[in-house]
Amino acid sequence: VYGGAGDTGFMAISGRLENHEKFRAYFVKTDAGLKLDWKATTAWSAIPVVELVAKAPKQPTLIRCWLGKQPDYDMFEGRGSLYSWYQLLDPKKESFVWASVPAGSKRDEQLKKLLNYGMIVMQRKDEVRAILRIVKPTLGFRDTEFEILEIVTEDWVMP
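Quick look at the structure, then. Model, not experiment: these values are computed from the prediction.

### Quick notes on the overall build of the protein chain
Secondary structure summary: the protein chain contains three helices and nine strands in total. Helices (α) and strands (β) of the protein chain occur, in sequence order from the N terminus, as β-β-β-β-α-α-β-β-β-α-β-β. Taking 2.2 N^0.38 as the reference for a compact globule, 159 residues should give roughly 15 Å; the C-alpha atoms of the protein chain span a radius of gyration of 16 Å, in line with that estimate. When its C-alpha atoms are laid out on the principal axes, the protein chain stretches across 55 × 40 × 35 Å.

### A few points about the side chain of Ser45
Take Ser45: it is sitting in the loop between α1 (38-41) and α2 (52-55). Ignoring anything within four residues of it in the chain, the contact list for Ser45 reads Leu62, Ile63 and Arg64.

### Focus on the pairing of strand β7 (residues 96-102)
Pairing of strand β6 (residues 83-89) with β7, which is carried by seven bridges, proceeds in the antiparallel orientation. Paired with Gln87 across the strands is Trp98, a residue of β7. Where β6 folds back on β7, the antiparallel hairpin that results is connected by six residues, among which Lys93 adopts a positive phi of roughly 60 degrees.

Definitions and limits used
- Residues numbered from 1 in each chain as written.
- Predicted model: local features only at pLDDT ≥ 70, side-chain atom pairs only at ≥ 80, totals over all residues.
- Heavy atoms only, no water.
- Helix = DSSP H or I, 4+ residues; strand = E, 2+ residues; numbered from the N terminus.
- Rg over C-alpha atoms; globule rule 2.2 N^0.38 Å.
- Contact = heavy atoms within 4.5 Å.
- Pairing = 2+ DSSP bridges.

In short, geometric facts, not functional conclusions.
Right, dumping it as structure tokens:
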């Protein structure tokens, strides 16, 4: 797979380890040639998804995750209708938390575009790899709920 994140071109190679676990290794183009991007390959995050509830970051925090959205994640009445909800899954898709953005905001539209959500012509993606900047809201949210402040890029290579 070939792709780009901003000005950074990359190549990803997928396969299986001896224990049959899937892997995806990322190589980025540098002036010195192709280099392994270990942060993208290991899906490194400042705080992994599985630790978000326990650590509840009060400062903006960079995470690599699988991002997903389904029609039944949103409420259409009351206070809940003010937010558009997304599921953030860890790299192995074993653990998840919820994250929101203001409904109809620029961030909401960007996230929906990544997933082809609400598009008639293109098939909706269940999840995509993404790098997001999130924070734990201070009041009125459950322990498992966070706010998406920024969509850094699709996939796990930094721009």
